[in-house]
Amino acid sequence: MNRSYRLIVLAAIVIISVFFINAENSVNNTETEGQVSVDSSGNNEYTYKIKALKIPENLSFAGEKVELDKTDIKERIDRELLVNTYWQSNALLWFKRTHKYFPVIEPILKEKGVPDDFKYLSVIESDLRNVTSPAGAKGMWQMLADAGRENGLEINDNVDERYHLEKATRAACDYLIDAKERLGSWTLAAAAYHAGNYGIEKRLTEQMVDNYYDVLAGENTERYIPRIVAAKEILTHPEKYGFVFDKDDLYEIGPTYTVTVDTAITNIASFAIQFKTNYKDLKIYNPWLRENKLNNKSRKLYEIEIPK
């Protein structure tokens, strides 16, 4: 009797084990479907494919054709498309941030008469973050202090309007308009935003050329326009480059209202509390305020955004 009982138990264990093994194999086969190929010997092998990208034939920047007939230009564009497509996390953050900040930038470009494509310059300059470069350029438009002041921004330890997106965008537009007048094309104006008007002018004169695509300008400047063009291409055609997202995945600027002040603010934390917000949130919406006070000795009129 005991021996028969043991045989029955053993048989049950075997049946249950076979069931779970088959179930696990079924799950594994389902998970790897579309990723398993068979080689010439009949063996299964796991494959992961990274595809080369086809470069669009009619790329342009600010209405000016990208000269893809030049081998070096085509290779530079290819490099930037590959780098920024396969750096998926960073590119996906581009989509999220452009949804937040392009509605601020685009109408200012239109108002100033600067081509809409220049919004992509701000993307490759800063990834649309208020960062500081090793050279000291700041804000989303990455302006140096001298260039900022020359184009109307207040820059000191207390207030730095390079962090004020609307004002910095207008200052960047003024710089680009001047560069276009000096150099003759929007593409060269964009290059000058990176290398300076004098730097581009000097190289054009020395090399006896008048076109960005003909000038030898140093690696970073030579990458600059292709990076902008690549950003434009990827951000304009997300699904083409494999980026899938819903609208609610994207970032937005929260609602605010504006308070004007023409006096000093001795304590911004206290000022924030008066408007039922706090220091951190007020600084998020007004990053140009650099200290816990606003000196305002000249009784200038400032607009401060208060989060609702």
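Quick notes on the rules
- Residues numbered from 1 in each chain as written.
- Predicted model: local features only at pLDDT ≥ 70, side-chain atom pairs only at ≥ 80, totals over all residues.
- Heavy atoms only, no water.
- Axes fitted to C-alpha atoms, helices over the stretch in contact; angles between N-to-C directions.
- Helix = DSSP H or I, 4+ residues; strand = E, 2+ residues; numbered from the N terminus.
- Parallel < 35°, antiparallel > 145°, perpendicular 65-115°, else oblique.
- Contact = heavy atoms within 4.5 Å.
- Core = buried A, V, L, I, M, F, W, Y, C linked by side-chain atoms within 4.5 Å.
- Buried < 20%, exposed > 50% of the residue type's maximum accessible area, 1.4 Å probe, protein only.
- Patch = residues over 30% accessible without salt bridge, like charges linked within 9 Å, V, L, I, M, F, W, Y side chains within 5 Å.
- Areas by Shrake-Rupley, 256 points an atom, 1.4 Å probe, with all protein chains shown as cover.
- Salt bridge = Lys/Arg side-chain N within 4 Å of Asp/Glu carboxyl O.
- Phe/Tyr/Trp six-rings, centres within 6.5 Å; stacked < 30°, edge-to-face > 60°.
- Polar contact = N/O pair within 3.5 Å; in protein donor to acceptor, adjacent residues only side chain to side chain.

Draft legend 1. Quick peek at the packing of helix 4 (residues 119-126) against helix 9 (residues 219-236). The contact between helix 4 and helix 9 brings their axes to 9 Å, and the two run at 110°. Our classification of the angle between helix 4 and helix 9 gives roughly perpendicular. Residues Tyr120, Leu121, Val123, Ile124 and Glu125 of helix 4 touch helix 9, and the partners they reach there are Tyr224, Arg227, Ile228, Ala231, Lys232, Leu235 and Thr236.

Draft legend 2. Quick look at the nonpolar core. By size, the foremost hydrophobic cluster in this structure holds 65 residues, and its most contacted members are Ile77, Phe118, Trp141, Tyr193 and Ile228. Mapped by element, the contributors of at least two residues to this core are helix 2 (71-86), helix 3 (88-112), helix 4, helix 6 (165-183), helix 7 (186-195), helix 8 (197-207) and helix 9. With residues near it in sequence (within four places) discarded, tryptophan 141 still touches Ile105, Phe118, Leu121, Ser122, Glu125, Leu165, Ala168, Thr169, Ala172 and Tyr193. With 15 residues, the next largest nonpolar core counts Val159, Ala272, Leu289 and Ile306 among its residues.

Draft legend 3. Seen up close, a nonpolar patch on the surface. On the surface, Tyr48, Ile50 and Tyr86 cluster together into a nonpolar patch covering about 370 Å² of accessible area. Among the secondary structure elements, tyrosine 86 is positioned in helix 2. According to the relative accessible area criterion, tyrosine 86 is partly exposed, its value standing at 33%.

Draft legend 4. Quick look at the pattern of salt bridges. Within this structure, the stated rule accounts for 18 salt bridges. A salt bridge links aspartate 214 to lysine 70, with the shortest nitrogen-to-oxygen separation between them at 3.0 Å. Residue aspartate 214 is located in the loop between helix 8 and helix 9, and its partner lysine 70 is located in the loop between strand 4 (64-65) and helix 2; the two are separated by 144 residues in the primary sequence. Each of Glu154, Glu161, Lys167 and Lys300 takes part in salt bridges that share partners, so that together they form one network.

Draft legend 5. Structural detail: the packing of aromatic side chains. Applying the stated criterion across every chain, the model contains ten aromatic pairs. Both rings, one in phenylalanine 95 and one in phenylalanine 243, keep their centres 5.3 Å apart while their planes meet at 45°; by these two values the pair is tilted. A residue pair is termed long-range when its members are at least 10 positions apart, and phenylalanine 95 in helix 3 and phenylalanine 243 in the loop between helix 9 and strand 5 (256-261) qualify at 148 residues. In this structure phenylalanine 95 comes out as buried when scored by relative accessible area, which is 5%. Taking 5.8 Å as the distance between ring centres and 80° as the angle between the ring planes, the aromatic pair formed by phenylalanine 102 and tyrosine 120 counts as edge-to-face. Placement of the pair is phenylalanine 102 in helix 3 and tyrosine 120 in helix 4, with a sequence separation of 18 residues.

Draft legend 6. How the structure looks around the side chain of threonine 98. Tracing the backbone shows threonine 98 in helix 3. What makes threonine 98 buried here is its relative accessible area of 10%. A distance of 3.1 Å separates the side chain of threonine 98 from the backbone oxygen of phenylalanine 95, its partner in a polar contact. Sequence-distant contacts of threonine 98, defined by excluding residues within four places in its chain, comprise Pro103, Val123, Leu128 and Leu235.

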